[in-house]
Amino acid sequence: MSDRDSPANFKQTTIELIEEFLIKRITQIAPDYLKREIILSDGVLKGEPNFLEQFFQISDGFWDMGYSWFQHHKSMNWTAQELHDFLVNEMRPSMDLFQDVESDKLFILAARKPREEKPKSGRKKSPSRNKFENTVSFVEPYEYMQSLIDSMHEVCALRVAAELIQSMNLDNLSLSTLQNLLEGTSKLNPNVEEALPEITGFPTPVPLRAGVESHYRRDKWKKDTNNYAVFESTSKSNPRNRVEVYIGGEKDGDILAWEAALQVIDLMGIDAAKLQLVFASYAFNSSLNNQSKFTLKGTEVIKQIGWDKKHRLTVPEKLAKLASITFHLGRMLMECTWVEGKPKGDKVDVSVSISPLWVIEVDARGQKNIFTGKVDNPEEVYINVSPGPWAEKWLNRMGMKAGIALHQFGWLATEILKIDPYHDELALKLAIHLTMISRIKLQNKNQYEHKVGSLLEAVELEARIDKAHQDFRESYNLKQRWDSALALLMSMNWQVIFDDTSYPKWIRPNSKAKKPSNWRKEKIIDRLWKARLTIMPPDPIPALLSRRTEPLLKLSPVPRTTTKSLAPLTVSQVRTAREVKGWSQRELATCLGVSQKLVSMIERGDRTITPKLAGKLRKVLEIPD
């Protein structure tokens, strides 16, 4: 076999034929477009000549099948007439598709005939059916056979190219679609957000809490009277206040029925709770800049949620999974009816009709599968996110005046996002729950004190709890998982203090204390349920949470109405304002959503204070204009 007839060359010839077809197709629709945008002076497509493979995932099996088909027909013991009939009759549809393509790669020998079939002189030739028959020439039988066999490479590649063109519907695409295909390699990457700091602020209103909890409390999803799946969160103090979460369908306004919704819920899993915390944190940081929309880079999100440690999956597989979960997060709908306000003050109605929890656009970059129309193995994913319409009523100035219930805000230790739910599921759910409620319990004097039973009932599936109370083995397993969860949180600098009276040493994690003689009088699970402990998030979160009013001012800054120019912010102003508040550089960095190193450089005068950064510093440190 010659090098020319290798699988690689056959594939190359096929792709070049398709590119030539596209150039001709676009030239017919918009003659000046290619000269202006796509081709160079030598007629070659800009960038990669094989641009086709950058956008369409064509399996190796398809190319192998096409090459095998070519080899089969090339090796057949044809007579001159059989070969001529095959090329003219079976190949005619492919040639008709390429009839407007002028290419020296196409040896139009299919229309050639042996000399003995030369028409009689004086007989009028019938009109040709297409341009290929206009190339009829007459050659000697041996020369004819040899030239046909030599051209089989190009002619069979033409047949395979035609099949791909029709499979991808390239012969019917509009100009705008073809432009997108050809210009895809030059698509600019969007501006993306920087990685979250170790400690970051994030809003914790009821709609967001309900959305996050719905991912790890599958058992709380119910079937309503319309056969819709609904996750409901109701206020304990006022049952009329409630938030309902649904899963939307493919069309706007559709809500998935029970069985279909459960499949989506299972597909998203608890990792979707992590992603919502990521979105909430960026939403908080964006609000500091009066922005409602932000863009995240998939490979960076993978690191933030700990997926970079999943070695059983390739990066494209992780990106594809991330894109899938994120897409379904955009289908989460919510309806809330909530009235809050001081007992003697005006009430604020924040009832919101059914609307998206998050408005999400997923931009997957990579090869597109011609059969599914999807990017199965993305090279990168960009996620454009903005909070749904609920945020306008829960995170606004009116809500702030009504009290912190409508404008709840907390601090997130982003390290918990890296907890692996497959090995430490209970630890992840516990950390998320404690993070979400930290602002709610702020009015309590003992805001960090909890009963073990209350925490487990908040995060664990009801069926697991029932089994633990009934079966010794299940009780033991739950106790072991609880101990492991506490141990992991303590290793991440969470402070855990056990109550000496209700939480005896011998049932604490990793304890070697001797059991008392009467330890069998009560089940260990029952003792554990009544045990009390104090769990505090890592420093400096407790100190930040103690400043109850400041986050409200930062989350919804008052828009500036004046256009007067401000005097440049000085280093001494920043340092003095920080010290007056009693903040460390790390605490200021957390409030700004930047690194401590940047704050240090600003105060040393090693970093210029940009107008944008100056605005954030003035708001956070309350420096007069």
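A quick note: this is a predicted structure, and the numbers were derived from the prediction, not measured.

### What about the overall build of the protein?
Part 1 of the argument: The number of helices and strands found in the protein is 26 helices and 19 strands.
Part 2 of the argument: Relative to its full complement of 625 residues, the protein shows a buried share of 48%.
Part 3 of the argument: Of the roughly 32200 Å² of accessible surface on the protein, a fraction of 49% belongs to carbon and sulfur atoms.

### Thoughts on empty space enclosed by the protein
Part 1 of the argument: For the structure shown, the criterion picks out five cavities of 30 Å³ or more.
Part 2 of the argument: What the largest cavity holds in volume is close to 100 Å³.
Part 3 of the argument: What lines the largest cavity is a set of 13 residues, and nearest its centre among them are Leu 434, Thr 435, Ser 438, Tyr 448 and Pro 537.
Part 4 of the argument: A per-element tally of the lining of the largest cavity places helix 16 (residues 425–437) first, with three residues.
Part 5 of the argument: Of the residues in the lining of the largest cavity, the class split is eight nonpolar, four polar and one charged.

### A closer look at the side chain of Arg 508
Part 1 of the argument: Structurally, Arg 508 can be placed in the loop between strand 18 (495–498) and helix 20 (524–530).
Part 2 of the argument: Apart from the residues lying within four places of it in its own chain, the contact partners of Arg 508 are Phe 498, Asp 499, Asp 500 and Tyr 503.

### Notes on the pattern of salt bridges
Part 1 of the argument: Inspection of every chain in the model, using the stated rule, returns 17 salt bridges.
Part 2 of the argument: Across the pair Lys 310 and Asp 271 runs a salt bridge, and its minimum N-O distance is 3.9 Å. Of this pair, Lys 310 sits in the loop between helix 12 (298–304) and helix 13 (315–329) while Asp 271 is found in helix 11 (residues 271–288), placing the two residues 39 residues apart along the sequence. For the pair Lys 310 and Asp 271, a shared accessibility class is recorded, and that class is buried.
Part 3 of the argument: Through salt bridges with shared partners, one network takes in Glu 425, Lys 429, Glu 460, Arg 464 and Arg 481.

### Considering the sheet that holds strand 13 (residues 358–365)
Part 1 of the argument: Strand order in the open sheet formed by three strands is 8-15-13, with antiparallel pairing between adjacent strands. Unpaired on one side and paired on the other, strand 8 (294–297) and strand 13 mark the two borders of the sheet. Taking each pair of neighbouring strands and ignoring which way they run, the sheet shows an average axis angle of 20 degrees.
Part 2 of the argument: Note: strand 13 against strand 15 (residues 380–387), eight bridges, orientation antiparallel. Bridge pairing in strand 15 links Ala 364 to Val 381.

### Looking at the packing of helix 10 (residues 258–268) against helix 13
Part 1 of the argument: Following both chains from N to C, one finds helix 10 and helix 13 inclined at 135 degrees, their axes separated by 9 Å at the closest point. Between helix 10 and helix 13, the crossing angle belongs to the class labelled oblique. With respect to the hand of their crossing, helix 10 and helix 13 are arranged in left-handed fashion. Every residue of helix 13 that contacts helix 10 at Val 264, Leu 267 and Met 268 is listed here: Ser 324, Ile 325, His 328 and Leu 329.

### Remarks on unusual backbone geometry
Part 1 of the argument: Residues Asp 539 and Pro 540 are joined by a peptide bond in cis, for which omega reads 5 degrees.
Part 2 of the argument: By the secondary structure assignment, Pro 540 is in the loop between strand 19 (532–536) and helix 21 (541–545).

### Examining helix 13
Part 1 of the argument: Over its 15 residues, helix 13 extends 21 Å from the first C-alpha to the last, a length consistent with the 21 Å expected when each residue adds 1.5 Å.
Part 2 of the argument: Those residues of helix 13 lying buried are Lys 318, Leu 319, Leu 322, Ala 323, Ile 325, Thr 326, His 328 and Leu 329.

### A few points about helix 9 (residues 206–213)
Part 1 of the argument: Across the eight residues of helix 9, eight count as buried, placing the element largely inside the fold.
Part 2 of the argument: Taken together, the buried positions of helix 9 are Val 206, Pro 207, Leu 208, Arg 209, Ala 210, Gly 211, Val 212 and Glu 213.

### Structural notes on the side chain of Thr 414
Part 1 of the argument: With respect to the element layout, Thr 414 can be found in the loop between strand 16 (409–413) and helix 16.
Part 2 of the argument: Residue Thr 414 is classed as buried on the basis of its relative accessible area, which comes to 12%.
Part 3 of the argument: The contacts of Thr 414, once residues within four sequence positions are left out, are Leu 196, Pro 197, Glu 198, Thr 200 and Gln 304.

### Quick word on the packing of aromatic side chains
Part 1 of the argument: Tallied over the entire structure, the rule returns nine aromatic pairs.
Part 2 of the argument: Judged by centre distance (5.2 Å) and plane angle (5 degrees), the rings of Phe 10 and Phe 70 are stacked. You can see Phe 10 sitting in helix 1 (residues 7–29) and its partner Phe 70 sitting in helix 4 (residues 60–74), a full 60 residues away along the chain.
Part 3 of the argument: When its relative accessible area of 1% is taken as the criterion, Phe 10 is described as buried.
Part 4 of the argument: These aromatic residues form a ring-pair network of at least three members: Phe 10, Tyr 67 and Phe 70.
Part 5 of the argument: Looking at Lys 321, its charged tip hangs above the ring of Trp 307, at a distance of 5.1 Å from the centre.
Part 6 of the argument: Stacked on the ring of Trp 519, the Lys or Arg Lys 515 has its end atom at 4.1 Å from the ring centre.

### What to know about the sheet that holds strand 19
Part 1 of the argument: In space, the three strands of this open sheet follow the order 17-19-18, with antiparallel pairing throughout. Because the sheet does not close on itself, it has two edges, and the strands there are strand 17 (449–451) and strand 18. The mean angle between the axes of side-by-side strands here comes to 30 degrees, regardless of whether they run parallel or antiparallel.
Part 2 of the argument: By the bridge criterion, four bridges tie strand 18 to strand 19 in an arrangement that is antiparallel. Paired with Val 496 across the two strands is Ile 535, which belongs to strand 19.

### With respect to the confidence of the model for the protein
Predicted coordinates in regions of low pLDDT should not be interpreted in detail.
Part 1 of the argument: Across the protein, pLDDT averages 77, with 71% of residues at or above 70.
Part 2 of the argument: Note on residues 397–406: pLDDT is under 50 here. Beyond four places in sequence and across chains, it has 20 contacts.

Cut-off values and rules
Residues numbered from 1 in each chain as written. Predicted model: local features only at pLDDT ≥ 70, side-chain atom pairs only at ≥ 80, totals over all residues. Heavy atoms only, no water. Helix = DSSP H or I, 4+ residues; strand = E, 2+ residues; numbered from the N terminus. Buried < 20%, exposed > 50% of the residue type's maximum accessible area, 1.4 Å probe, protein only. Areas by Shrake-Rupley, 256 points an atom, 1.4 Å probe, with all protein chains shown as cover. 1 Å grid on protein atoms, 1.4 Å probe; cavity = no way out; pocket = protein on both sides within 12 Å on 5 of 7 lines; lining within 4 Å. Points joined across faces, edges and corners; volume = space filled by probe spheres on them. Nonpolar A, V, L, I, M, F, W, Y, C, P; charged D, E, K, R; others polar. Contact = heavy atoms within 4.5 Å. Salt bridge = Lys/Arg side-chain N within 4 Å of Asp/Glu carboxyl O. Pairing = 2+ DSSP bridges. Axes fitted to C-alpha atoms, helices over the stretch in contact; angles between N-to-C directions. Parallel < 35°, antiparallel > 145°, perpendicular 65-115°, else oblique. Left-handed = near helix turned anticlockwise from the far one by under 90°. Expected span 1.5 Å × (residues − 1). Phe/Tyr/Trp six-rings, centres within 6.5 Å; stacked < 30°, edge-to-face > 60°. Lys NZ or Arg CZ within 6 Å of the ring centre and 35° of its normal. pLDDT = per-residue confidence, 0-100.

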